[in-house]
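Below are the chains, spelled out letter by letter.
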Amino acid sequence: MSVLTRLFPLWAILVSASAIRWPGPFLALSPAITPLLAFVMFTMGVTLTVADFRRIARRPAPVLAGIVLHYTIMPLAAWLVARMLSLPPALRVGMILVGSVSSGTASNVMIYLARGDVALSVSISTLSTLVGIVATPLLTRLYVSADVAVDTWALLRSIVELVALPVVGGLAVNMLAHRAVRRIEPALPLVAMIAIMAIIGSIVASVRPSLAFAGPIVLLAVMLHNGMGLLGGYWGGRLLRLDESACRTLAIEVGMQNSGLAATLGRLYFGPLAALPGAIFSIWHNISGSALSAWWAGRPVRDTAPRSS
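Just so we're clear, the structure is a prediction, and the values are computed from it rather than from any experiment. (Residues numbered from 1 in each chain as written. Predicted model: local features only at pLDDT ≥ 70, side-chain atom pairs only at ≥ 80, totals over all residues. Heavy atoms only, no water.)

**Quick look at the confidence of the model for the protein**
One rule of thumb: low pLDDT means the predicted coordinates there are not for detailed reading.
Part 1 of the reasoning: With 93% of its residues at a pLDDT of 70 or more, the protein has an overall mean of 83.
Part 2 of the reasoning: Scored below 50 in pLDDT, residues 304–309 shows 15 contacts in the model against residues more than four places distant or in partner chains. (pLDDT = per-residue confidence, 0-100. Contact = heavy atoms within 4.5 Å.)

Okay, structure coming up:
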């Protein structure tokens, strides 16, 4: 990973500060949020190959464990944190959206740095994205209180447009023009990072009037939510008797979310304030993930638990 992409948390903080100080240019980007997110998902699809899906079939148990932990712990943790902090409805919905989306796009790199199981990470990320097409709208409907209207079919349609079609399109491009993709692949993380920063900046600018009262409580909520995911993923792997490398992988795959998708869906269906948890989560989970990866990088993996069959 290049130095520029490794410093994503710093750039995200600087972009957010700029959006607060000079909101005009970032507000002008608002119509581009949806196509930008679709482009990010397309870049993810371009990195996928048929071999990634074969890997899932060859080693299903830990992959399915990661998926179940992810879609069990994160939405429940979001709901609990929102209730514990008595968040207003828009922020509560935003938190639940963050908890209900698939794994974060940067998780594979974090897991590589943390000496985790990269092949397992890629498999979980791939399947998590596909499962999320259906799971995200259903979990949102389940956890959002009855007094908040949730158009489940509209959410499903948006996820198909923003996730399924771009990812499948990217996979098709990779299959049809593999050599060309290999030449441009090193630049894709940087391009995707710039797109995500544009999304974050636009969302922060749109909620600027609310940041004074909502910012601190949302940051606390995001930190608690992310922490629950990291701990739940790691110790969930321990309870399932997976090895240390797999446990580290589950920690990051469960704790890191596709928060750009959550922020976009929140803005589209529930208003700008519902996008704020996703925007702040985008910054925070990269900070916490980087810190955890650096800490684990200096600690050799020891198989203190037997591998699952």
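**Some details on unusual backbone geometry**
Part 1 of the reasoning: Backbone geometry at Ser 86 places phi at a positive 55 degrees, although glycine is not the residue there.
Part 2 of the reasoning: Secondary-structure assignment places Ser 86 in the loop between α6 (60–84) and α7 (89–100).
Part 3 of the reasoning: Residue Ser 86 is classed as exposed on the basis of its relative accessible area of 62%.
Part 4 of the reasoning: At Arg 241, a position not held by glycine, the phi torsion is positive, near 65 degrees.
Part 5 of the reasoning: Of note, Arg 241 is situated in the loop between α13 (211–239) and α14 (244–255). (Helix = DSSP H or I, 4+ residues; strand = E, 2+ residues; numbered from the N terminus. Buried < 20%, exposed > 50% of the residue type's maximum accessible area, 1.4 Å probe, protein only.)

**A closer look at the packing of α6 against helix α9 (residues 118–143)**
Part 1 of the reasoning: Interaxial distance between α6 and α9 falls to 9 Å at its minimum, and their mutual angle equals 35 degrees. Taken as a pair, α6 and α9 cross one another with a handedness that is right-handed. For the pair α6 and α9, the contacting residues are Pro 62, Val 63, Leu 64, Gly 66, Ile 67, His 70, Tyr 71, Pro 75, Leu 76 and Trp 79 in the first and Leu 120, Ser 123, Ile 124, Leu 127, Ser 128, Val 131, Gly 132, Ala 135, Leu 139 and Tyr 143 in the second.
Part 2 of the reasoning: Classifying every residue of the contact of α6 with α9 gives 15 nonpolar, five polar and no charged. (Axes fitted to C-alpha atoms, helices over the stretch in contact; angles between N-to-C directions. Left-handed = near helix turned anticlockwise from the far one by under 90°. Nonpolar A, V, L, I, M, F, W, Y, C, P; charged D, E, K, R; others polar.)

**Here we look at the pattern of salt bridges**
Between side chains of opposite charge, a pair can form when the charged atoms approach closely.
Part 1 of the reasoning: Within this structure, the stated rule accounts for two salt bridges.
Part 2 of the reasoning: A salt bridge links Glu 244 to Arg 238, with the nearest nitrogen and oxygen atoms 2.4 Å apart. Neither residue differs from the other here; Glu 244 and Arg 238 are each classed as buried.
Part 3 of the reasoning: Measuring nitrogen to oxygen at the nearest pair gives 2.8 Å for the salt bridge that ties Glu 244 to Arg 248. Of this pair, Glu 244 and Arg 248 both sit in helix α14, four residues apart, roughly one helical turn.
Part 4 of the reasoning: With a relative accessible area of 8%, Glu 244 lands in the buried category.
Part 5 of the reasoning: Connected through shared salt-bridge partners, Arg 238, Glu 244 and Arg 248 make up one network. (Salt bridge = Lys/Arg side-chain N within 4 Å of Asp/Glu carboxyl O.)

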